[in-house]
Amino acid sequence: MKLRLILGDQLNVQHSWFARTDHQILYTMMEVRQETDYVTHHIQKVIGFFAAMRRFARLLQEQGHQVLYFRIDDSANQHNLTENLKKIIRDYAITRLEYLEPDEYRLDQLFHKMDEALGIPVQCSSPEHFLTDRNDLADFFRHQKQFLMERFYRHLRQKHGILMQPSGQPVTGRWNYDQENRKKLPRKKEIPGPLIFEHDMRDLHKSVKARGVQTIGNLQTERFIWPIDRQESLKLLNHFTNHYLPQFGTYQDAMTPDHWALFHSRLSFSLNTKMLHPREVIDAAVDCYASGKNDIDIAQVEGFVRQILGWREFMRGIYWQQMPGYESVNYFEHDQPLPRFYWDGRTHMNCMRHTINQSLEYAYAHHIQRLMVTGNFALLAGVHPDDVDRWYLGIYIDAVQWVEITNTRGMSQFADGGLLATKPYVSSANYMHRMSHYCTDCHYNYKAKTGDQACPFNSLYWHFYDRNRHRLKNNPRVGMMYRVWDKMGQEQQQAILKQARGYLDHINEL
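Everything quoted here is computed from the prediction, not taken from an experiment.

Trainee: Before we go on, may I ask you to explain empty space enclosed by the protein in this structure?
Mentor: Think of a ball as big as a water molecule: rolled over the atoms, this probe shows where empty space is left. A full pass over the atoms with the stated rule returns four cavities of 30 Å³ or more. Volume-wise, the largest cavity comes out at about 380 Å³. Forming the boundary of the largest cavity are 25 residues, of which Gly8, Asp9, Glu35, Tyr38 and Phe49 lie nearest the centre. The set of elements that each furnish at least two residues to the lining of the largest cavity consists of helix H1 (33-36), helix H2 (43-62) and helix H4 (105-112). In terms of residue count, the dominant contributor to the lining of the largest cavity is H2 (five residues). When its residues are assigned to classes, the lining of the largest cavity shows 15 nonpolar, three polar and seven charged. Taken as a whole, the second largest cavity encloses approximately 80 Å³ of empty space. Along the walls of the second largest cavity sit Met349, Asn350, Cys351, Ala429, Met432, Tyr438, Cys439, Cys442, Tyr444, Tyr446, Cys455 and Phe457, which together make up its complete lining. Counting residues per element, the ones that place at least two in the lining of the second largest cavity are helix H14 (350-362) and helix H18 (429-435). Here the residues of the lining of the second largest cavity sort into 11 nonpolar, one polar and no charged.

Trainee: Can you help me understand the side chain of His437 in this one?
Mentor: You can see His437 is positioned in the loop between H18 and helix H19 (456-467). Here Leu185 takes part through its backbone oxygen, which lies 2.7 Å from a polar atom of the side chain of His437.

Trainee: I'm lost on the nonpolar core in this one. Help?
Mentor: Grouped burial of nonpolar side chains is what soluble globular proteins tend to show. Met352, Phe377 and Phe457 are the most contacted members of the largest nonpolar core, which has 154 residues in total. It is helix H12 (residues 298-322) that provides the largest number of residues to this core, a total of 12 residues. Setting aside chain neighbours within four positions, we find Met352 in contact with Phe341, Tyr342, Thr347, Val373, Thr374, Phe377 and Phe457. Residues Leu5, Leu7, Leu81 and Met114 belong to the second largest nonpolar core, which totals 20 residues.

Trainee: What am I meant to see in the sheet that holds strand E4 (residues 66-70) here?
Mentor: Whether parallel or antiparallel, the strands of a sheet pair through hydrogen bonds between backbone atoms. One open sheet holds the five strands; their spatial order is E4-E2-E1-E5-E6, and the pairing between them is parallel. A strand with exactly one partner marks an edge of an open sheet, and here the two such strands are E4 and strand E6 (122-125). Strand-to-strand twist of the sheet, defined as the mean angle between neighbouring strand axes without regard to direction, takes the value 25 degrees. Contacting strand E2 (25-30) and E4, H2 crosses the sheet at an angle of about 155 degrees to E4.

Trainee: Got a minute to help me understand helix H15 (residues 367-380) in this structure?
Mentor: Owing to its 3.6 residues per turn, the α-helix brings residues three or four apart onto one side. Taking 1.5 Å per residue, 14 residues should reach 20 Å; H15 reaches 18 Å between its end C-alpha atoms and fits that length. Most of H15 is tucked away, with 13 of its 14 residues classed as buried. Taken from the residues just after H15, Gly382 is the one with a positive phi, measuring 75 degrees.

Trainee: Sorry if this is basic, but what is going on with the packing of helix H16 (residues 385-395) against helix H17 (residues 401-412) here?
Mentor: Packed helix pairs are characterised by how far apart their axes lie and by the angle those axes make with each other. The interhelical angle for the contact between H16 and H17, taken along N-to-C directions, is 135 degrees, at an axis separation of 10 Å. When the axis of H16 is compared with that of H17, the two are oblique. Seen along the crossing, H16 lies across H17 with a hand that is right-handed. Along the contact surface, H16 presents Pro385, Asp386, Val388, Asp389, Tyr392 and Leu393, while H17 presents Gln401, Glu404, Ile405, Thr408 and Arg409. Here the residues of the contact of H16 with H17 sort into five nonpolar, two polar and four charged.

Trainee: What is the right way to look at the environment of Leu504 in this model?
Mentor: By the element assignment, Leu504 lies in helix H22 (residues 490-505). Leaving out residues up to four positions away in the same chain, Leu504 has contacts with Ala381, Leu460 and His463.

Trainee: Help me understand the packing of aromatic side chains, please; the structure alone is not making it clear to me.
Mentor: With the rule as written, the count across this model stands at 42 aromatic pairs. On the basis of an interplanar angle of 75 degrees and a centroid distance of 5.2 Å, the ring pair of Phe332 and Phe464 is categorised as edge-to-face. With Phe332 in the loop between H12 and helix H13 (341-344) and Phe464 in helix H19, this residue pair connects regions lying 132 residues apart in the sequence. With a relative accessible area of 4%, Phe332 lands in the buried category. With a centroid separation of 5.7 Å and an interplanar angle of 20 degrees, the aromatic rings of Phe341 and Tyr342 are classed as stacked. Each of the two residues, Phe341 as well as Tyr342, counts as buried.

Trainee: Where do I start with the layout of surface pockets in this structure?
Mentor: Roughly 240 Å³ of internal volume is contained in the second largest pocket. The wall of the second largest pocket is formed by 13 residues, among which Ala51, Arg54, Arg58, Met201 and Leu204 lie closest to the centre. Elements represented by at least two residues in the lining of the second largest pocket include exactly H2 and helix H8 (202-210). At four residues, the largest contribution of residues to the lining of the second largest pocket is made by H2. Taken together, the residues of the lining of the second largest pocket break down into four nonpolar, two polar and seven charged.

Calculation criteria
- Residues numbered from 1 in each chain as written.
- Predicted model: local features only at pLDDT ≥ 70, side-chain atom pairs only at ≥ 80, totals over all residues.
- Heavy atoms only, no water.
- 1 Å grid on protein atoms, 1.4 Å probe; cavity = no way out; pocket = protein on both sides within 12 Å on 5 of 7 lines; lining within 4 Å.
- Points joined across faces, edges and corners; volume = space filled by probe spheres on them.
- Helix = DSSP H or I, 4+ residues; strand = E, 2+ residues; numbered from the N terminus.
- Nonpolar A, V, L, I, M, F, W, Y, C, P; charged D, E, K, R; others polar.
- Polar contact = N/O pair within 3.5 Å; in protein donor to acceptor, adjacent residues only side chain to side chain.
- Core = buried A, V, L, I, M, F, W, Y, C linked by side-chain atoms within 4.5 Å.
- Buried < 20%, exposed > 50% of the residue type's maximum accessible area, 1.4 Å probe, protein only.
- Contact = heavy atoms within 4.5 Å.
- Pairing = 2+ DSSP bridges.
- Axes fitted to C-alpha atoms, helices over the stretch in contact; angles between N-to-C directions.
- Expected span 1.5 Å × (residues − 1).
- Parallel < 35°, antiparallel > 145°, perpendicular 65-115°, else oblique.
- Left-handed = near helix turned anticlockwise from the far one by under 90°.
- Phe/Tyr/Trp six-rings, centres within 6.5 Å; stacked < 30°, edge-to-face > 60°.

Listed below in structure tokens is the structure:
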């Protein structure tokens with residue numbers, strides 16, 4: 001008897017493993033505390049993964065495969081992958097273990113030692129999901145100190161023939177439409193309602209709570225809104241291409257307290273659990289553009305393709321090139337704890353309050369909310385990257401380490417010192433006002449740098465640049481900021497720095 005292990009983010013029903021049934025093969029899936037407890041996860045994340053795993057296991061059984069499934073409340077469940085595997089090997093006289101290449105470094109290291117721990121041969125197979133291999137990015141950027149996503153993105157466009165002419169040039173002669181995709185959402189802009197699913201999770205929720213799993217966030221137990229199988233994921237993809245893609249690019253960076261989903265696809269959970277393949281998601285968007293359906297222009301589809309083909313594959317390549325050292329990089333030597341309001345949303349800053357409460361309510365925020373609101377504030381406040389990592393990895397339903405840590409430590413916190421990003425992504429309140437509706441009804445004045453109701457982002461922004469001058473002064477992309485700072489004069493500078501220190505001293509009261 002051969003045993004095959006399927007992890008919670010390997011729900012690819014199209015994988016070649018499942019092309020035929022074989023009664024000499026036993027599949028196993030496990031809901032274990034080893035995976036629920038390494039950070040404090042959002043309750044919707046725990047429920048979403050378990051619900052999708054249970055449905056996947058049931059589908060395999062309906063197709064005739066043998067499946068041994070460990071639920072969170074099973075008495076035989078030892079809540080450890082290795083110990084559960086040892087039990088199965090004994091009980092079923094297993095002679096060989098096969099597993100799919102995991103996406104996380106910690107599990108990769110565990111499986112490399114698995115044959116020694118289990119005493120039987122162990123074999124790894126491809127997950128048959130990504131458009132690049134683990135080491136493709138490292139090979140592409142060999143001998144270079146900085147990795148530029150744009151170069152890798154263009155290489156992948158050419159390699160896979162996506163939005164390309166036969167000549168090898170992009171379909172319109174331009175590679176990138178990022179400049180066109182930075183518009184603020186008009187106040188009365190009509191946005192189609194998001195497609196949501198209404199799953200009853202009362203029993204699963206009771207089982208998770210009964211086992212004492214510590215979670216954050218909210219859950220409507222009778223109305224779980226996320227897709228939990230491939231068919232629902234395909235419905236969400238179709239809904240996106242029909243209703244949101246026509247204006248996705250234009251407003252992909254916009255923020256508003258009036259809509260939590262905007263024109264975003266919300267497909268990241270389906271992609272990161274492998275219920276959808278990135279190529280079929282890209283093809284669906286490109287086909288919609290090519291057909292002329294819904295009058296979609298190139299800026300919309302190129303912006304979407306760049307997120308899936310560009311950033312997603314790029315971040316995975318960075319992860320495998322840099323781990324395990326990436327877990328400990330801290331370029332600015334930040335050491336402050338994460339403010340309390342990250343856990344409950346109780347702050348007077350409207351942008352932070354809305355983004356955090358939305359995250360607690362839906363286990364979701366789009367990329368600019370993550371980068372330029374919560375991530376921006378954490379960087380300005382000097383929060384330790386470990387704390388920031390744990391928060392992002394726990395609170396979002398789509399967060400698995402390979403994509404979370406690169407976006408957090410690299411893109412958001414600049415903790416790698418510029419390996420991934422060319423500058424720190426920090427901003428004052430001016431950016432928030434330009435790209436969102438948060439500032440209008442805020443307790444703080446987005447125009448003021450000092451005073452009782454001056455927006456904290458303003459003084460913290462200049463405090464960040466002042467304290468890190470020795471690290472950033474030679475960065476060509478931020479030199480202008482120091483010229484502006486120097487022109488202010490010592491008296492104004494000291495007033496701004498005093499304002500920032502006061503906010504930092506009472507950060508939990510902001």
